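Descriptive structure summary
As a plain string of letters, each chain reads:
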Amino acid sequence: MKILKAKFIILCNDNFDILQNHAIAFNHKIEKIAKFDELITEFKEAQILDFSDSIAMPALINSHIHLEYSSNKTTFSYGDFLLWLKSVIANGAKFKNSDKNSAINQAIYEQLRAGVSTIGEISSFGLSANLCANSPIRTIYFSEILGSNSAILEEQWSGFLKRFNTANELKSDLFIPAISVHSPYSTHIELAKSAINLAKKSDMILSTHFMESLDEKRWLEYGSGGFGEFFKEFNKNSKPFYSPSSFIELFSGVRTLFIHSIFAKNYLNLMDKSLHSIATCPVSNRLLSARFDLANALKNGINISIATDGLSSNISLNIWDELRAAMMAHSYMDLNEFAKFAIKSITSNPAKALNLNLGELKAGNIADIAIFDGFNISDINQLCTQMILHTKNAKSLYIKGEKCEF
Ligand code: MCF
Ligand code: FE
């Protein structure tokens, strides 16, 4: 048993309570949260972790990242989604074949250093599986399926299955296989249906990039716009595989993270509030498309997480950098209310989205705890705001109750 004393404990519960001068008793799970004196009387043999100047909170969750794109810096074009996509396709072979291991590893340790215990990794090539599984981080490992060319569906499916099966062999309580249907514009309906059935059968979570650009909206709604031009180059008669509604419908009854959803405003009512959530990536959205209407999505009762996306569309994989960017981008929201939401968006919200007993400090939950530098504040309502403004890395991180070295 360990007892961790902290100046502030941000529980990330529904009331968003912040305890002062309390302590947490934990093994692999959280045993009890109370005053230190009470815990030490109850657990006499416990190891004492004295962080009485610091902030303790649930370890963070970065629910959407592409580790395999970690060595990208300046190769992709920004400013328009299709421009970006074309630059990814043009550089695609490079990404698959060259040695990505050290960049992927660095990115994993950058997550841990920032206090992130859990990531939602979208794996396009299967390159990150062993690196994630052999690291201390908890990974929801989304093997990606895509392909719109009906002539090579079987080839696409068998390539996916190979990666998917390899990921399944690595399954553990810190490596949780899942499936990503890349997007409605890139994934043939037969592939999407097979992948969704497989997720249902295997009791796995799904993820999909949805309504990321205005061109995607125009393509799905009218079969026209930039994607119309783009696909015409390959096939004069190409049509979208789905309408926005029929695409969402495919995911009914399955836990799904819809990524971005910038242009999904008219379809939010079709999402299942208990199973469907949105992950928004503010920097990626700025570089490739437009700003997500966060206030409207929150008003509609959708569970929202903030995530970094990959270095394919970001300058930093540090989740605190992302929250600072989000704070500036969503300047129409009250600053301190935004800060509280932002902390939930990297703890309790993604934990609910991913169905994990994490993201909130309470007895019975897995003991994933992050410790950050404390500071003096005159008003407790300022704590989250100041944390977002000043935090870069964690002081210490416990995953399943074990200290993580980073
Ligand atoms: O989330 C961003 C932008 N939207 C879509 N895809 C990606 C992002 N970052 C990396 N990707 C990957 C995606 O997983 O880029 C490829 C896919 O493998 C685009 S489709 C050739
Ligand atoms: Fe993404």
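As recorded by an unreviewed UniProt entry, the chain carries the name Metal-dependent hydrolase and is attributed to Campylobacter porcelli.

1. Some remarks on the domain arrangement of the chain
Domain annotation for the chain reports domain 1 (2-59 + 361-403) and domain 2 (60-353). Inter-centroid distance (C-alpha atoms) of domain 1 to domain 2 is 31 Å. Of the roughly 2200 Å² buried at the junction of domain 1 and domain 2 (both faces included), carbon and sulfur atoms supply 62%. Of all residues in domain 1, Phe-16, Ile-388 and Ile-399 bury the most surface against domain 2, accounting for 25% of the area lost on that side. In this assembly, domain 1 and domain 2 are joined by 9 residue pairs in polar contact (both at pLDDT 80 or more).

2. A few points about helix H4 (residues 101-114)
In a regular helix each residue adds 1.5 Å, so 14 residues correspond to 20 Å; H4 covers 20 Å between its end C-alpha atoms and thus fits that length. Residues of H4 that are buried include every one of Ala-103, Ile-104, Ala-107, Ile-108, Gln-111, Leu-112 and Ala-114, and no others. In this structure, the buried residues of H4 make contact with strand E5 (60-65), strand E6 (116-123), helix H5 (129-133), helix H13 (319-329), strand E13 (369-372) and strand E14 (396-399). One or two residues past the end of H4 sits Gly-115, with phi positive at roughly 100°.

3. Brief notes about the coordination of the iron ion (ligand 2)
Surrounding the iron ion (ligand 2) are the protein donor atoms His-64 (NE2), His-66 (NE2), His-209 (NE2) and Asp-309 (OD), at 2.1 to 2.3 Å. Read in sequence order, the donor residues for the iron ion (ligand 2) give the motif H-x1-H-x142-H-x99-D. With His-64 in strand E5 and His-209 in strand E9 (residues 206-210), the pair connects residues that are 145 residues apart, well separated along the chain. A residue is classified by how much of its surface remains accessible, and His-64, at 0% relative accessible area, is buried. For His-209, a relative accessible area of 5% puts it in the buried group.

4. Some points on the site of ligand 1
In the vicinity of ligand 1, 16 residues are found, and the nearest of them are Ser-124, Glu-144, His-209, Glu-212 and Asp-309. His-260 places a side-chain nitrogen or oxygen 3.2 Å from an oxygen atom of ligand 1. The protein chains hide 92% of the 470 Å² of surface that ligand 1 would expose on its own. The element contributing the most residues to the shell around ligand 1 is helix H2 (residues 81-90), with 3 residues. In terms of residue class, the shell around ligand 1 is made up of 6 nonpolar, 7 polar and 3 charged.

5. Overview of the state of the cysteines
Under the criterion given, the structure shown has 0 disulfides. A disulfide-free cysteine, Cys-404 has its sulfur positioned 13 Å from the sulfur of Cys-132, the nearest such atom. For Cys-404, a relative accessible area of 5% translates into the label buried.

Calculation notes
- Residues numbered from 1 in each chain as written.
- Chains lettered and ligands numbered in written order.
- Predicted model: local features only at pLDDT ≥ 70, side-chain atom pairs only at ≥ 80, totals over all residues.
- Heavy atoms only, no water.
- Domains from an automatic or database assignment.
- Buried area = accessible area lost by both parts, 1.4 Å probe.
- Polar contact = N/O pair within 3.5 Å; in protein donor to acceptor, adjacent residues only side chain to side chain.
- Helix = DSSP H or I, 4+ residues; strand = E, 2+ residues; numbered from the N terminus.
- Expected span 1.5 Å × (residues − 1).
- Buried < 20%, exposed > 50% of the residue type's maximum accessible area, 1.4 Å probe, protein only.
- Contact = heavy atoms within 4.5 Å.
- Donors = N, O, S within 2.8 Å, 3.2 Å for Na, K, Ca; no water.
- Near = heavy atom within 4 Å.
- Areas by Shrake-Rupley, 256 points an atom, 1.4 Å probe, with all protein chains shown as cover.
- Nonpolar A, V, L, I, M, F, W, Y, C, P; charged D, E, K, R; others polar.
- Disulfide = S-S within 2.5 Å.

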